[in-house]
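# Analysis of the macromolecular model
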Amino acid sequence: MSKRIEADDVDIYYGKFKAVEGVTMTIEPRSVTAFIGPSGCGKTTFLRSINRMHEVIPGAYVDGKITLDGDNIYDPGVDPVTVRGLVGMVFQRPNPFPTMSIRDNVLAGYKINGRRLAKSDADDLVERSLRGANLWEEVKDRLDRPGSGLSGGQQQRLCIARTVAVNPKVILMDEPCSALDPISTLAIEDLIRELKEDYTIVIVTHNMQQAARVSDVTAFFNIEGTGKPGKLIEMGPTEKIFSTPDVRATEDYITGRFG
Ligand SMILES: Nc1ncnc2c1ncn2[C@@H]1O[C@H](COP(=O)(O)OP(=O)(O)O)[C@@H](O)[C@H]1O
Ligand SMILES: [Mg+2]
């Protein structure tokens, strides 16, 4: 189910502005990779290039190659919609459709992709996805109530259920806990550890404890100054990056000396 991601010399632009330069990395299946680094260093930009979301911004484009199990997602002829089905995304602020029921929120991504489902298949998919997101027990008696009635942490798990329902190979999460309280944050972290059994997971986080707790591998991005592109500075096993990084800037960032 889970796929390997390889980026080869990826540059990412907003019009003439090069926001990210020269990223080469491999992300292993069934693992959690954390992207860390100061604001503006291109973490979100790079993350969005992994599911071809970057290019939806007018003038924005990606130069280089990103493969999923060897297939270049930027090959001409590859449909970005297909890529977005393989590579799901969870955002900073939980964004369920507020007036839609919990059930319909889970099915929303599936329906957007134009697929139809028999009622019993839909029921199965809703239950499986909500169980997969550790939310089923909390909502099984109110599936027809609006998604906006849930707490922030539950809404974020609902968004994860919506992502999982599409049956992706990779799940990208951009600071998924930044709007959540500590208890909800730990619930999401538990869930991430479970999800990595089935998916390749990439998580952007500004929380160093979180990166240390949930990730197997950490990638540190940095920027030399305003207007300069962000770059991947160092990537390795989280234990190593947090104890004996090779680069001084990584150590400075992790120990809170800047950023
Ligand atoms: N829509 C956009 N248009 C132009 N520049 C952008 C846009 N979004 C982000 N940027 C710029 O790209 C750079 C990287 O931003 P971003 O990827 O959001 O960084 P991070 O997620 O690490 O904080 C920043 O200089 C930011 O201002
Ligand atoms: Mg960001």
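Residues numbered from 1 in each chain as written. Chains lettered and ligands numbered in written order. Predicted model: local features only at pLDDT ≥ 70, side-chain atom pairs only at ≥ 80, totals over all residues.

The chain appears in an unreviewed UniProt entry as Phosphate ABC transporter ATP-binding protein from Propioniciclava tarda.

A separate point is the nonpolar core. Core analysis: the largest hydrophobic core is formed by 67 residues, its most contacted members being Ala-161, Leu-172 and Ile-203. Residue contributions to this core peak at 6 residues, all from helix H6 (residues 152-165). Leaving out residues up to four positions away in the same chain, Ile-203 has contacts with Val-32, Ala-34, Met-173, Pro-176, Ile-192, Val-214 and Ser-215. (Core = buried A, V, L, I, M, F, W, Y, C linked by C-beta atoms within 7 Å. Buried ≥ 20, exposed ≤ 12 C-beta atoms within 10 Å, placed from the backbone. Helix = DSSP H or I, 4+ residues; strand = E, 2+ residues; numbered from the N terminus. Contact = placed C-beta atoms within 7 Å.)

Our next topic: the site of ligand 1. With respect to spatial proximity, 13 residues lie near ligand 1, and among them Tyr-14, Ala-19, Lys-43, Thr-44 and Thr-45 are the closest. Of all the elements, helix H1 (residues 43-49) adds the most residues to the shell around ligand 1, at 3 residues. Its residues placed into classes, the shell around ligand 1 shows 5 nonpolar, 7 polar and 1 charged. (Near = placed C-beta within 6 Å. Nonpolar A, V, L, I, M, F, W, Y, C, P; charged D, E, K, R; others polar.)

It is worth spelling out unusual backbone geometry at this point. At Asp-9, a residue that is not glycine, the phi angle is positive and equals roughly 50°. Summarising the element assignment, Asp-9 is placed in strand E1 (residues 5-14). Of note, Glu-175 is a non-glycine position whose phi angle comes to about 45°, a positive value. Following the sequence through the fold, Glu-175 ends up in the loop between strand E7 (170-174) and helix H7 (182-195). For Glu-175, a count of 21 C-beta atoms within 10 Å translates into the label buried.

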